[in-house]
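Tertiary structure, described
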Amino acid sequence: MKRYLSLLMLATLLACNNDHEATLTNGVTIKATQQTRTSFDGSQSAWSAGDKLQVAIGATGATLTTHEFVNDDPSAGLFTNNELTLDNTLTYDLYALHTAQNTVPDNGVAEVLIGAASQQQTGDSAAHIAALDPLYGSATGVQANNIAIGMNHTAVVLRIEVKNATEEDIAGIKSVQITAPKGVQLYGTGTIDFASKKVAMGSDGANSITINIQNSGTLDAGSAFTVWAATAPFEMAANSVMRFTVTTSDDKVLEYKKEFAASTDFEAGVIMSTTIAPEPRPEQIVIQWGYLDGYTAPVGMPSCESDIAAENTVNKIGATSGSYPTEYGNIEIDSDVKYAYVIASKCIRFRDLTSAKSADIKLPIIDGYKLTQVATTVGSGHNTGKRSNISISIMPSELGAKTPSGTTTFDLENSISTQQYSIHISNTTDVKTPCDITGIQLTYVLE
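To keep things clear, this report deals only with the structure shown in the data block. Keep in mind that this is a model prediction, so the values were computed, not measured.

What about the overall build of the protein chain?
Across its full length, the protein chain holds two helices and 35 strands. The buried share among the 447 residues of the protein chain stands at 47%. Restricting to contacts in the protein chain with at least 6 residues of sequence separation, those with at least 24 account for 70%. Taken as a whole, the protein chain presents about 21,500 Å² of accessible surface, with 48% of it coming from carbon and sulfur.

This is how it looks when you write it as structure tokens:
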């Protein structure tokens, strides 16, 4: 009888152990769904064998720990970790990250690099996109043996058809530089919030990227070549310009500008396609900015209907600094006094200039071009800059200051293309005096 009871107890214990083991999943598989991109040819995207997911996973309400999952079935999007054991009676929360960078999701957030300042393309392949487009996803309350997760893109893909619109063959394309307006970030560090599925960009990027190309081949006249670029999400404002600089294999430089009449969003996961037909650089560039006939009026300039001295209107609603886009870069104002566009006089009025308070108008720097001439035009009303105590100069420069009257021209004979030049408006006395600027013309010459 004792032997029988012992055997019965052993059988019961083994049955309990078997029941417990049945509640466990030894070796966990995750199915990554939705649009995933690790290799990309312009029409489809797919996982590749050996792709890895860094997954922070834990029982719902518990602390998450990070484990690595490896893709062993690209067509099905299946990632497996054979060492991890989960309990089928529990539900789990997880954050998944696919990136070539050494980073893991932690506490529901992760920092990743999106896009890059310099990108390397071979032929017309888009294989370089994957490493510049970290993928992320999250799931909550899932069963251990039934985990599916949707992955989201962080990068925008630009598909650029470079058309040879010249009458001669192009030996090949060495690089394509894409430049957005100042303040736009085309690459940089992004912080992923897995819960909200949002990515916030930092401020460490810049507004220009370069795609270096190997083996593009010769472009016959009228033919085209496809260039791929990955960027961080960004917005092109209305009336802004994106510039493309194409360097050929024999070091010729071609340019193209794309104008945006309306605000356009470049969103993560979207392929934005365009065709450009770059042409040789012009020998001279002239920017006409202001309120004269044929000039481009500043976008975003503060304005007022009138500026009667007694009302001091400009001082109430004006600004002391601002950045105003042109086709070739921004004109920036940094002033000790307030300024605004006076509608009645069609001028930008700088009020209350004194010997201690001046204004600077920073001029665009155009890559490969020297600023050779600056012409400023002042207004002709009763309250204008035509005062003997007001002076205008170009900084930095050896040119002497001039008293503005009508159009004042400065010729820069020894200018440097990389130098930041500014129009400096000052007052030689302590008597508060305004200066009206109706137009600025800038002439640049190709180096």
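Here's the deal with the sheet that holds strand β12 (residues 152–153)
Read from one edge of the open sheet, eight strands run β11-β1-β6-β5-β4-β7-β10-β12, paired in mixed fashion. The sheet is open, and its two borders are formed by β11 (147–150) and β12, each paired with just one other strand.

Considering the packing of aromatic side chains
Two numbers describe a pair of aromatic rings. These are the distance of the centres and the angle of the planes. One pass over the full model with this rule turns up nine aromatic pairs. Centroid distance F260 to F266: 6.1 Å. Interplanar angle 65°. Geometry classified as edge-to-face. When the ring of Y339 is compared with that of F350, the centres are 5.4 Å apart and the planes differ by 35°; the resulting orientation is tilted. On the criterion of sequence distance, the pair formed by Y339 in strand β28 (residues 329–342) and F350 in strand β29 (residues 347–353) is long-range, its members being 11 residues apart. Exposure class is identical for Y339 and F350. Each is buried.

Concerning the environment of M395
Considering the arrangement of structural elements, one finds M395 in strand β32 (residues 390–395). The residues touching M395, leaving out its near neighbours within four places in the chain, are Q420, Y421, S422 and H424.

Some remarks on the pattern of salt bridges
Applying the stated criterion to the full structure yields 10 salt bridges. Here R281 and E255 are joined by a salt bridge, their closest N and O atoms 2.7 Å apart. You can see R281 sitting in the loop between β24 (279–280) and β25 (284–290) and its partner E255 sitting in strand β21 (residues 253–260), a full 26 residues away along the chain. Using a relative accessible area of 16% as the deciding quantity, one classes R281 as buried. Looking at E255, the relative accessible area reads 15%, which means it is buried. Overlapping salt bridges bring together E255, R281 and D367 as one network.

What about the side chain of S138?
Within the secondary structure, S138 is located in strand β10 (residues 135–143). You can call S138 buried: its relative accessible area is 19%. At a separation of 3.3 Å, a polar atom in the side chain of S138 contacts the main-chain carbonyl oxygen of F194. When residues no more than four places from it in sequence are discounted, the contact partners of S138 are L94, Y95, I149, G150, F194 and K197.

A closer look at unusual backbone geometry
Here the bond from M395 into P396 is cis, since omega is -15°, no more than 30 degrees from zero. As for its placement among the helices and strands, P396 is situated in the loop between β32 and β33 (407–411). A positive phi is found at N215, a non-glycine position, where the angle reads about 60°. Tracing the chain through its elements places N215 in the loop between β17 (208–214) and β18 (224–231). A relative accessible area of 65% means that N215 is categorised as exposed. In this model, D352 sits at a positive phi of 60°, which is unusual for a non-glycine residue. Mapping D352 onto the fold places it in strand β29.

What about the sheet that holds β18?
An order of β18-β13-β23 is seen for the three strands of this open sheet, with the pairing classed as mixed. With one partner strand each, in any of the chains shown, β18 and β23 (271–276) form the two edges of the open sheet. This sheet shows a mean twist of 20° between the axes of neighbouring strands, independent of strand direction. By the bridge criterion, eight bridges tie strand β13 (residues 156–163) to β18 in an arrangement that is antiparallel. Within β18, the position partnered with L158 by the bridge is A229.

Comments concerning the nonpolar core
Ranked by size, the top nonpolar core spans 37 residues in total, and within it F350 and I425 carry the most contacts. Dropping the residues within four chain positions of it, I425 is found in contact with F350, L353, S358, A359, I361, I390, S391, I392, C435 and I437. If you look at the next biggest cluster of nonpolar residues, it comprises 28 residues, including V156, V176, V246 and F260.

Observations concerning the pairing of β21
Every regular strand shows the same layout, with side chains that alternate between the two sheet faces. The sheet contact formed by strand β20 (residues 240–248) and β21 spans eight bridges and is antiparallel. Bridge pairing in β21 places T245 opposite E255.

A short note on the side chain of E161
Relative to the helices and strands, E161 is located in strand β13. In terms of polar contacts, E161 uses its side chain to reach the side chain of R159, at 3.3 Å. Sequence-distant contacts of E161, that is, excluding residues within four places in its chain, are made with A224, F225, T226, T274, T275 and I276.

Points about a negative patch on the surface
A cluster of acidic residues, E167, E168, D169 and D220, forms a negative patch at the surface. Tracing the backbone shows D169 in the loop between β13 and β14 (173–179). A relative accessible area of 52% means that D169 is categorised as exposed.

Thresholds applied
- Residues numbered from 1 in each chain as written.
- Predicted model: local features only at pLDDT ≥ 70, side-chain atom pairs only at ≥ 80, totals over all residues.
- Heavy atoms only, no water.
- Helix = DSSP H or I, 4+ residues; strand = E, 2+ residues; numbered from the N terminus.
- Buried < 20%, exposed > 50% of the residue type's maximum accessible area, 1.4 Å probe, protein only.
- Contact = heavy atoms within 4.5 Å.
- Areas by Shrake-Rupley, 256 points an atom, 1.4 Å probe, with all protein chains shown as cover.
- Pairing = 2+ DSSP bridges.
- Phe/Tyr/Trp six-rings, centres within 6.5 Å; stacked < 30°, edge-to-face > 60°.
- Salt bridge = Lys/Arg side-chain N within 4 Å of Asp/Glu carboxyl O.
- Polar contact = N/O pair within 3.5 Å; in protein donor to acceptor, adjacent residues only side chain to side chain.
- Axes fitted to C-alpha atoms, helices over the stretch in contact; angles between N-to-C directions.
- Core = buried A, V, L, I, M, F, W, Y, C linked by side-chain atoms within 4.5 Å.
- Patch = residues over 30% accessible without salt bridge, like charges linked within 9 Å, V, L, I, M, F, W, Y side chains within 5 Å.
- Lys, Arg positive; Asp, Glu negative; His and termini not counted.
- Charge placed at Lys NZ, Arg CZ, Asp CG, Glu CD.

Taken by themselves, the reported measurements are silent on function.
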